[in-house]
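Residue strings, one per chain:
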Amino acid sequence: MKRIVTLQDISCVGRCSITVALPVISAMGVECGILPTAVLSNHTMFKTFTCKDLTDQIDPIAKAWASQDITFDGIYTGYLASGEQCQEVVNFFEQFSNSGNLTLVDPAMADNGKLYPAFDDAFPAEMAKVCAKADIILPNITEACLLTGTEYRTEYDEAYIDGLLHKLLELGCKTAVITGVSYEPGKLGVTYLDRSGKRFSYFTRHCPQSYHGTGDLYASTVLGGIMRGLPLGDSLALAADFVVACIEATASSKAARWYGVEFESQIPELCRMLEERLAASERLDQA
């Protein structure tokens with residue numbers, strides 16, 4: 001069984017960050033270790049919350065693991081709360097990344113053309129240093145613009161997105177993925193470009209609803225798929241289909257919570273979709 005570690009916060013109530021990553025990745029048949037960067041009573045979409053910063057624990061935990069020769073097949077980062085945390089994560093990559101494992105960065109810091117309120121204008125440059133060390137990065141369009149110093153647009157074409165992909169690769173990552181891409185009404189998807197010039201795009205129906213935690217859900221599913229042996233494109237498509245299923249389940253649920261997407265009820269569907277894609281991938285390999 002593959003083992004990954006995710007570095008992001010724990011929101012004790014509210015579906016996001018580690019409380020999404022741990023159950024989803026585990027359900028996909030991958031061991032999920034955690035390195036919490038902070039503990040919140042609930043995520044910041046609630047009216048009030050408490051937060052215990054754990055930046056000073058990242059290095060001691062890393063040293064404890066290194067002293068016991070603990071290794072990981074994948075390293076996955078999500079929301080990081082400060083520039084100091086970004087530097088600690090870069091240090092962690094230098095200690096635990098190698099040619100045999102995969103590093104995936106979700107630079108969760110912005111949406112809809114704006115940084116999250118917790119960040120200042122200097123933060124994207126710090127997150128860019130994390131992205132530079134990654135094999136795969138998964139920004140949305142806003143985050144891609146902030147990472148590359150590009151003007152954000154609500155209306156764009158394929159050339160604009162292609163330019164963003166090339167600029168993201170210039171940061172130093174091996175593969176740049178942009179999520180939340182739409183070229184026509186009713187369709188939303190993802191596209192990537194890697195250093196060899198390989199491209200891939202996948203689009204699904206655009207759900208009108210928006211729920212907290214869908215980005216975390218997407219990134220976690222992508223990594224789980226890769227760790228189970230799916231090609232990146234198949235993992236991106238699987239994650240898109242799963243997020244749509246979760247959004248639709250949340251929208252139709254009488255018990256739906258405003259603070260996060262209802263993914264728990266859809267985990268059996270995720271496992272079914274994963275096994276279906278694995279079987280299809282195996283048939284292609286044998287053909």
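Residues numbered from 1 in each chain as written. Predicted model: local features only at pLDDT ≥ 70, side-chain atom pairs only at ≥ 80, totals over all residues. Heavy atoms only, no water.

A. Structural view of the overall build of the protein. Along its length, the protein carries nine helices and eleven strands. Its C-alpha atoms give the protein a radius of gyration of 18 Å, within 12% of the compact-globule value 19 Å for 287 residues. On the principal axes, the C-alpha backbone points of the protein span a range of 45 × 45 × 45 Å. Classification of the 287 residues of the protein by burial places 51% in the buried group. Considering only contacts in the protein between residues 6 or more positions apart, those separated by 24 or more positions represent 67%. Summed over all atoms, the accessible surface of the protein reaches about 13,200 Å², with 51% contributed by carbon and sulfur. Across the protein, the centroid of the 23 positively charged side chains sits 3 Å from that of the 36 negatively charged ones. (Helix = DSSP H or I, 4+ residues; strand = E, 2+ residues; numbered from the N terminus. Rg over C-alpha atoms; globule rule 2.2 N^0.38 Å. Buried < 20%, exposed > 50% of the residue type's maximum accessible area, 1.4 Å probe, protein only. Contact = heavy atoms within 4.5 Å. Areas by Shrake-Rupley, 256 points an atom, 1.4 Å probe, with all protein chains shown as cover. Lys, Arg positive; Asp, Glu negative; His and termini not counted. Charge placed at Lys NZ, Arg CZ, Asp CG, Glu CD.)

B. Up close: the pattern of salt bridges. Inspection of every chain in the model, using the stated rule, returns twelve salt bridges. The salt bridge partner of Asp-59 is Lys-63, with a shortest N-O separation of 3.1 Å. Taken together, the positions of Asp-59 and Lys-63, both in helix 2 (residues 55–67) and four residues apart, correspond to about one turn of that helix. In this structure, a network of salt bridges that share partners links the residues Glu-269, Arg-272 and Glu-276. (Salt bridge = Lys/Arg side-chain N within 4 Å of Asp/Glu carboxyl O.)

C. Examining the pairing of strand 9 (residues 175–181) more closely. Most of strand 9 sits out of view: six of its seven residues are buried. As paired strands, strand 8 (residues 136–137) and strand 9 are joined by two bridges and run parallel to one another. In the sheet register, Ile-136 faces strand 9, and the bridge partner there is Thr-175. What sits between the antiparallel neighbours strand 9 and strand 10 (residues 187–194) is a turn of five residues, in which Gly-186 has the positive phi angle 85°. (Pairing = 2+ DSSP bridges.)

D. Structural view of the sheet that holds strand 3 (residues 51–53). The strand order 3-2-1-4-5-8-9-10-11 describes an open sheet built from nine strands, whose pairing is mixed. Both outer strands of the open sheet, strand 3 and strand 11 (199–205), are each paired with one neighbouring strand and no more. On top of the sheet, helix 2 reaches strand 1 (3–11), strand 2 (31–40) and strand 3; it is set at about 155° to strand 2, its chief contact. The strands that helix 3 (residues 83–96) touches are strand 1, strand 2, strand 3, strand 4 (74–77) and strand 5 (102–105); relative to strand 4, the one it contacts most, it runs at about 175°. (Axes fitted to C-alpha atoms, helices over the stretch in contact; angles between N-to-C directions.)

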